[in-house]
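Structural overview for review
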Amino acid sequence: MRKYYTRPCNFYYGKGAKSLIKKKKALPLAGNKNIAFDQLEIFQRIKHKIVSSKIYPVSKIHKLKKQIKFVVNTDLNKIISKRKSVCGIKLDDPKIIGVLNITPDSFSDGGLFLNKSKALNHAKRMIESGAAIIDIGAESTRPGSKTISETKEWKRLKNIVIKFKNKFKKTPLSLDTRKSYVMKKGIECGVNIINDISGLNFDKKSFNIIKSKKTPFILNHMQGLPNTMQNNPKYNNVLLDIFDFFEKKINYCLNRGYNRRLIIIDPGIGFGKNLNHNLKIMSKISILHSLGCPILIGTSKKRFIKHIVTKFDTKNRFGGTLASVLYGLSQGVQLFRVHNVKEINQGILVYKKILNTN
């Protein structure tokens, strides 16, 4: 556990960002000149508690004490470094990951796409609506869900994965699974990305499968298991605890020869977090840029929206989902995993157009 943490803040967008970067008054976030920052929030943590939080102009970092300056400059190099393309997908613009659940019991669309034709038609609609990646899963991980066998999970997936890769050759396919057996089978059938919600904790063989094939993967944070994760989750400080988790896991991968550019991080909104935890993560999510990896969030239709809006809740939660996506976009989040691709893409396009208009 580290003592100091660095969060980029005070963002500028579009032409304004490019102008400030050119004048050397701000720095590009993750190498993207369409979003810039000129301040850093520096947290100091001692024995699981934040003892100070101060905001400094980037231009004043050189005046910090030597011990703090070393950490901040190391973080700053990661914050401004350009994120590499993943499976040919450039990350200088926000990208949408469309959710394809081949499950009978997912909280949002369970049972709708078990049929191969329906699943492939839905994938086609999402791609046409702006999804850059499709994320397919055959085991529900909603709160309270139970684990299914690896053979049952792969049986649901196999034919759809094979058909997808034959039909949509240009669209990367991400496989949402916690099991090394399913990962191996999926990669053999052309899966491009592995999305492990357990953060490599469920199956100890998973990392070796991913590493052996140099497969990009999404490193999620989840406290507990799906059937227990919402039973009174607790953290010392949710934001920094999750940061520590990611830093430890990333270092584990790097020390075993895996490349940082292949890792995408997802803080796991709703996975072992209550409303307050989710809001704290979202409000300061830009701290994760100092890990040097692309950031993904999955807030689509999540229950935390209901807890905020109460009597104004709706079945599809479009409004709450879009609000969280646009806030994430303002903080430099690069990837958004959503169910309603067309509506979210519409919101992103309008938001970007406004930001880039003088």
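Placed above this text is the structure.
My aim in this report is to walk through the structure given alongside it, one point at a time. (Residues numbered from 1 in each chain as written. Predicted model: local features only at pLDDT ≥ 70, side-chain atom pairs only at ≥ 80, totals over all residues. Heavy atoms only, no water.)

Another aspect to go through is the overall build of the protein. Of regular secondary structure, the protein possesses eleven helices and twelve strands. Radius of gyration (C-alpha) of the protein: 20 Å, near the 21 Å computed for a compact globule of 358 residues. Dimensions of the protein, computed from the C-alpha atoms along their principal axes, are close to 60 × 45 × 45 Å. Looking at the protein as a whole, 54% of its 358 residues qualify as buried. Contacts in the protein between residues far apart in sequence, at least 24 positions, make up 68% of those at least 6 positions apart. Surface accessibility of the protein: about 16900 Å² in total, with carbon and sulfur atoms responsible for 52%. Averaged over its 69 positive side-chain charges, the protein has a centre that lies 5 Å from the centre of its 22 negative ones. (Helix = DSSP H or I, 4+ residues; strand = E, 2+ residues; numbered from the N terminus. Rg over C-alpha atoms; globule rule 2.2 N^0.38 Å. Buried < 20%, exposed > 50% of the residue type's maximum accessible area, 1.4 Å probe, protein only. Contact = heavy atoms within 4.5 Å. Areas by Shrake-Rupley, 256 points an atom, 1.4 Å probe, with all protein chains shown as cover. Lys, Arg positive; Asp, Glu negative; His and termini not counted. Charge placed at Lys NZ, Arg CZ, Asp CG, Glu CD.)

Where burial is concerned, most of strand β6 (residues 131-137) is hidden: seven out of the seven residues are buried. Of the strand pairs in this sheet, strand β5 (residues 95-101) and β6 are connected by six bridges, and their pairing is parallel. Bridge pairing links Ile96 to Ala131 in β6. Here four bridges tie β6 to strand β7 (residues 173-176), and the two strands are oriented parallel to one another. (Pairing = 2+ DSSP bridges.)

Here we come to the nonpolar core. Inside soluble globular proteins, nonpolar side chains tend to come together where they are buried. Ile136, Phe217, Ile263, Ile265 and Leu288 are the most contacted members of the largest nonpolar core, which has 68 residues in total. Considering each element in turn, this core owes the most residues, nine residues, to helix α7 (residues 238-255). Grouped together as the second largest cluster of nonpolar side chains are 14 residues, Tyr4, Ile35, Leu64 and Leu76 included. (Core = buried A, V, L, I, M, F, W, Y, C linked by side-chain atoms within 4.5 Å.)

Moving on, we come to the side chain of Asp196. Structurally, Asp196 can be placed in strand β8 (residues 193-196). No salt bridge is formed by the buried Asp196; its nearest oppositely charged neighbour, Arg178, is found at 6.2 Å. Polar contacts involving the side chain of Asp196 include one to the side chain of Ser198, which spans 2.8 Å. Of the polar contacts made by the side chain of Asp196, one reaches the backbone nitrogen of Leu200; its length is 3.1 Å. (Salt bridge = Lys/Arg side-chain N within 4 Å of Asp/Glu carboxyl O. Polar contact = N/O pair within 3.5 Å; in protein donor to acceptor, adjacent residues only side chain to side chain.)

The end-to-end C-alpha distance of helix α3 (residues 116-128), which contains 13 residues, comes to 18 Å, matching closely the 18 Å that a straight helix rising 1.5 Å per residue would cover. Those residues of α3 lying buried are Ala119, Leu120, His122, Ala123 and Met126. Viewed end-on, α3 has its buried residues packed into an arc of 160°, placing them on one side of the element. Residues Lys118 and Glu128 are exposed on α3 and point more than 90 degrees away from its buried face. Those residues of α3 that are buried are in contact with β5, β6, α4 (150-167) and α11 (341-355). Phi turns positive one or two residues past the end of α3, at Gly130, with a value near 120°. (Expected span 1.5 Å × (residues − 1). Arc of directions from axis to C-beta.)

Before going further, it helps to examine empty space enclosed by the protein. The final tally for this structure, using the stated rule, is one cavity of 30 Å³ or more. Of the volumes computed, that of the largest cavity is approximately 30 Å³. Val238, Leu239, Ile242, Pro267, Ile281 and Leu288 together form the lining of the largest cavity. For the lining of the largest cavity, the leading source of residues is α7, giving three residues. Tallied by class, the residues present in the lining of the largest cavity amount to six nonpolar, no polar and no charged. (1 Å grid on protein atoms, 1.4 Å probe; cavity = no way out; pocket = protein on both sides within 12 Å on 5 of 7 lines; lining within 4 Å. Points joined across faces, edges and corners; volume = space filled by probe spheres on them. Nonpolar A, V, L, I, M, F, W, Y, C, P; charged D, E, K, R; others polar.)

Moving on, we come to the sheet that holds strand β12 (residues 335-338). Within the open sheet, the eight strands sit side by side as β10-β9-β8-β7-β6-β5-β12-β11. Their pairing is parallel. Single-partner strands in this sheet number two, and they are β10 (263-266) and β11 (296-297). Relative to β12, β11 runs parallel, the two sharing two bridges. Of the residues in β12, the one forming a bridge with Ile297 is Phe336. In this fold α11 packs onto β5, β6 and β12, with an angle of close to 170° to the strand it touches most, β5. (Axes fitted to C-alpha atoms, helices over the stretch in contact; angles between N-to-C directions.)

Okay, helix α2 (residues 66-80) next. Its 15 residues give α2 an end-to-end C-alpha distance of 21 Å, which sits within 8% of 21 Å, the value for a rise of 1.5 Å per residue. Among the structural elements, β1 (4-13), β2 (27-29) and β3 (32-46) are those in contact with the buried residues of α2.

Before going further, it helps to spend a moment on the pattern of salt bridges. For the coordinates displayed, the defined rule picks out 15 salt bridges. Across the pair Glu41 and Arg7 runs a salt bridge, and its minimum N-O distance is 2.8 Å. In this pair, Glu41 sits in strand β3 while Arg7 sits in strand β1, placing the two residues 34 residues apart along the sequence. An identical accessibility class is assigned to Glu41 and Arg7; each is buried. Glu128 is paired through a salt bridge with Lys124; the nearest N and O atoms lie 2.6 Å apart. With Glu128 and Lys124 both in helix α3 and four residues apart, the pair spans about one turn of that helix. Salt bridges linked by common partners bring Glu139, Glu153, Arg178 and Lys179 together as one network.

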